[in-house]
Amino acid sequence: MKINSLSATKILTSCLALFVGVLSASKLQGAEGPEQTDKKVVAFPGDSPLDYGDEPMRYLENDRVKLGLDLSLGGAVTFLEDKANNSGNMINSHDWGRQIQLSYYSGPAPYVGPNGEQPSTSWAGLGWNPIQSGDCGGYRSQVLEFTKDSESVAFLRARPMLWPHSGVPAECVFECRYQLTENGFTLDATIVNNRSDKTQYNARAQETPALYTNAPWYKLVSYLGDKPFENEPITTLVDKNDGNGWPWLNYYTPEYWSALVNENNYGIGVYQPYSGVSSSGFHGGDEPKGKDLGDKSIATGYIAPRERTILDWNIRRAYRATFIVGSVDEIRNTVYKLAKCDVVETPNWIFKDDRQNWSYDNAIDEGYPIADSLKIILESERQAVAKSPIGFWKAENAPVLNVDAVLSADVQDAEAEQTITVSIIPVSPADSVGYLAWSEGNKNVEQDRAEKEKTYPRLSNISVDVPVKFDGQRRTIAVDLTDVQGYDGAMKDVMIFFPKIAGKATIYSVGFSK
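Residues numbered from 1 in each chain as written. Predicted model: local features only at pLDDT ≥ 70, side-chain atom pairs only at ≥ 80, totals over all residues. Heavy atoms only, no water.

### What to know about the overall build of the protein chain
Note the threshold: Under the DSSP-based scheme used, a helix requires at least four consecutive residues in state H or I and a strand at least two consecutive residues in state E, with every element numbered from the N terminus. For the radius of gyration, the atoms used are the C-alpha atoms, and the globule rule reads 2.2 Å times the number of residues raised to 0.38. Categorising residues by exposure relies on relative accessible area from a 1.4 Å probe, with only protein chains included: less than 20% of the type maximum marks a residue as buried, more than 50% marks it as exposed, and the intermediate range marks it as partly exposed. Whether two residues are in contact is decided by their heavy atoms, any of which lying within 4.5 Å being enough.
Scanning the protein chain from terminus to terminus reveals three helices and 32 strands. In terms of overall size, the protein chain behaves like a compact globule, its C-alpha atoms giving a radius of gyration of 23 Å where 514 residues would be expected to give roughly 24 Å. Considering only C-alpha atoms, the protein chain reaches an extent of 75 × 50 × 45 Å along its principal axes. For the protein chain, buried positions account for 60% of its 514 residues. The contacts in the protein chain between residues at least 6 apart in sequence include a share of 75% that link residues at least 24 apart.

Right under this line is the structure:
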């Protein structure tokens, strides 16, 4: 659900101001609107929607967890129970924008449908936004295929609807594989695009995925700091009677998890190891926090791990999210076990067949499929910037940055040196708190940020100018950071600034070495 007390354009603008590309702070609009119960559907040309019979719910169950998928809502998760803790259903379904579901963003904004369909004025700023359950007009997404391989595994394909519209199916298909674990489940999620609009739009912050809980699970916790996976104290971002939760908070997640728990610190956590930033909170104010209001209540908790990703017209893009039920300690201990396989000490991005969540400002590349390298198109009128995803590494473990690349100019001048600037962003005290995702009422993004950074300052970026030649020769550009001032301690992402030159930067890999 998306909350219509603020225009989508304002939400987009303020979110971008805080985390570039993090938009739509919420799936909650129409905050005063009624519960959605519509059963409207519209088929995409050529689709054969699944006949699921009179009962749309399908369940997976083991000794610990019961998981319910609603085939009348694109197979989104509408039921999750932690049987060991007698939780009952933890998932909110006030409208088709809630549940546990896939949600993606791309341009243009506004997006006009293939037959001239205009989006809702509240949501025009979101652009192209397919979601798994349905749209703001009450049209439900349709499942095309469903198989249940066992009591613990199911697979489905669905045609999502475009949330800002009424009755406009998206030119993409979602694939979801759900598998129960001993204390939760994994979601292997894939978007398969086949858009008629072949424009490469800017990267957007995807919800990977979105989780909405019922009101008893109101307390938002995670680890924010510069010593991940060292059992340092966690941070409570939203609690009872603290006035926090709405607007959503954006924050750094170097352990790649967040959880919504009840007053006894039991609930549900989400671990997504490719997302170093999350948007989360609680909608409804302080009064309903912790109350059993059912799964149709407008009050809800929210978590969305964010991956900043370019969605090409023909991309096939996958991720895995792990949902963990139980106490905060159980959730975090499970994350630590999973992270031993998922999280590396120092990043090494190899662009063999995808962008590894790198994105650009003032540039595009040659598009998907990615074949062995990023082929970034440079222009003389504007400065292109390549940006890594947000993660974590220690400077002492990564003293040298290596860029394997071919730099070429449209007008060859192999003897003339150019300069690229490598900018590394350190983990700051400012990364130990959450920030408002947009301004609303007496809560202002700029004031919130300024007040917090008085106590928790933001460190300056660490920049190094590197001489290079745009001569079309492949080489490894090694940047020795050993003696660079400020390159010490915890780091989180990299930016590469190219000169204003017409040409191409073909990048095979970016990584660190000792």
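### Concerning the confidence of the model for the protein chain
Rules: As a per-residue quantity, pLDDT reports the predictor's confidence and falls between 0 and 100.
With 93% of its residues at a pLDDT of at least 70, the protein chain reaches an overall mean of 93. In this model, residues 1-26 is a region of pLDDT below 50 whose contacts with residues beyond four sequence positions or in other chains number 105 contacts.

### A closer look at the sheet that holds strand β6 (residues 142-150)
Where we set the bar: Two strands qualify as a pair provided that DSSP identifies no fewer than 2 bridges between them. Fitted lines through C-alpha atoms serve as axes, helices being fitted only where they are in contact, and the angles separating the N-to-C directions of these axes extend from 0 to 180 degrees.
Here we have nine strands laid out as an open sheet, ordered β6-β7-β9-β10-β19-β16-β15-β12-β13, and antiparallel in their pairing. Every other strand in the sheet has two partners, leaving β6 and β13 (235-238) as the edge strands with one partner each. With direction set aside, neighbouring strand axes in the sheet form an average angle of 20°. Judged from the three bridges that link them, strand β12 (residues 219-222) and β13 form a sheet pairing that is antiparallel. Looking across to β13, one finds that V221 is bridged to T236.

### Some words on the nonpolar core
Selection criterion: Nonpolar cores were defined as sets of buried Ala, Val, Leu, Ile, Met, Phe, Trp, Tyr and Cys residues, with membership established by side-chain atoms within 4.5 Å.
In this structure, L67, L80, Y178, F185 and F323 are the most contacted members of the largest nonpolar core, which totals 55 residues. The leading source of residues in this core is strand β9 (residues 172-181), at five residues. With near-sequence residues (within four places) excluded, F323 lies in contact with I100, N183, G184, F185, L187, P209, L211, I268, G269 and V270. Core analysis: the next-biggest nonpolar cluster, separate from the first, contains 43 residues, F351, A363, Y487 and A505 among them.

### Things to note about the packing of aromatic side chains
Rules: Side-chain rings of Phe, Tyr and Trp, where Trp is taken by its six-membered ring, are said to pair if the distance between their centres is within 6.5 Å; with planes under 30 degrees apart they count as stacked, over 60 as edge-to-face, and otherwise as tilted.
Inspection of the entire model under this criterion finds 13 aromatic pairs. Measuring from ring centre to ring centre gives 6.4 Å for Y178 and F185, while their planes differ by 50°; the resulting arrangement is tilted. Classification of F185 by relative accessible area gives buried; the value is 0%. Look at W393 and F512: their rings are 4.8 Å apart centre to centre, the planes differ by 40°, and that puts the pair in the tilted class.

### Quick notes on the environment of N85
With respect to the helices, strands and loops of the structure, N85 is situated in the loop between β3 (76-82) and β4 (100-103). Along the sequence, N85 and R64 sit 21 residues apart, while their C-alpha atoms lie 8.9 Å from each other. Ignoring sequence-local partners within four residues, the contact set of N85 consists of R64, Y266 and G326.

### Observations concerning the state of the cysteines
The condition that has to hold: For this text, the term disulfide refers to a pair of cysteine sulfurs within 2.5 Å.
Under the defined criterion, the tally for this structure stands at zero disulfides. The closest cysteine sulfur to the non-disulfide-bonded C176 is located on C172, 11 Å from its own sulfur. With relative accessibility at 0%, the residue C176 sits in the buried group.

### What to know about the environment of T253
Within the secondary structure layout, T253 lies in the loop between β14 (249-252) and β15 (257-261). A relative accessible area of 1% places T253 in the buried class. Expressed as a C-alpha distance, the spacing of T253 and E307, which sit 54 residues apart in the sequence, is 12 Å.

### Here's the deal with the side chain of E81
Which entries qualify depends on this criterion: Think of it this way: Lys and Arg go in the positive column, Asp and Glu in the negative one, and His and the chain ends go nowhere. A pair is scored as a salt bridge if a Lys or Arg side-chain nitrogen falls within 4 Å of a carboxyl oxygen belonging to Asp or Glu.
Residue placement: E81 occurs in strand β3. No salt bridge is formed by the buried E81; the nearest opposite charge belongs to K66, separated by 5.6 Å. Excluding anything up to four places from it in sequence, E81 contacts R64, V65, K66, S87 and G88.

### With respect to the pattern of salt bridges
Inspection of every chain in the model, using the stated rule, returns 32 salt bridges. A salt bridge links R316 to E175, with the nearest nitrogen and oxygen atoms 2.7 Å apart. One end of the pair, R316, is in strand β19 (residues 316-327); the other, E175, is in strand β9, and 141 residues separate them in sequence. Judged by relative accessible area, which is 46%, R316 ranks as partly exposed. The exposure class of E175 is buried, given its relative accessible area of 14%. As a salt-bridge pair, D226 and K227 come within 3.4 Å of each other at their nearest N and O atoms.

### Quick look at helix α2 (residues 328-342)
The following threshold applies: One fewer than the residue count of a helix, multiplied by 1.5 Å, yields its expected span.
The end-to-end C-alpha distance of α2, which contains 15 residues, comes to 20 Å, matching closely the 21 Å that a straight helix rising 1.5 Å per residue would cover. Here the buried face of α2 lies against β12, β15, β16 (266-271) and β19.

### As for unusual backbone geometry
Here the residue pair A109 and P110 is connected by a cis peptide bond, since its omega of 0° sits within 30 degrees of zero. Mapped onto the elements, P110 comes out in the loop between β4 and β5 (130-131). In this model, W246 is joined to P247 through a cis peptide bond whose omega is -5°. In this structure, P247 sits in the loop between β13 and β14.

### Points about the pairing of β3
In terms of residue burial, β3 counts as a mostly covered element, since seven of its seven residues are buried. Of the pairings in the sheet, the one linking strand β2 (residues 65-70) to β3 comprises six bridges and is antiparallel in character. Bridged to L67 within β3 is L80.

### Examining the environment of A321
Its location among the elements puts A321 in strand β19. A sequence separation of 226 residues divides A321 from D95, and the C-alpha atoms of the two residues are 23 Å apart.

### Some words on the side chain of R64
Note the cut-off: Here a polar contact means two N or O atoms within 3.5 Å. Within protein one must be a hydrogen donor candidate and the other an acceptor candidate, and residues neighboring in sequence count only if both atoms are side-chain atoms.
Its location among the elements puts R64 in the loop between β1 (57-61) and β2. Residue R64 is classed as buried on the basis of its relative accessible area of 14%. Of the polar contacts made by the side chain of R64, one reaches the side chain of D82; its length is 2.6 Å. Discounting residues that sit within four places of it in the chain, R64 has contacts with E81, D82, K83, A84, N85, E182, N183, V325, G326 and E330.

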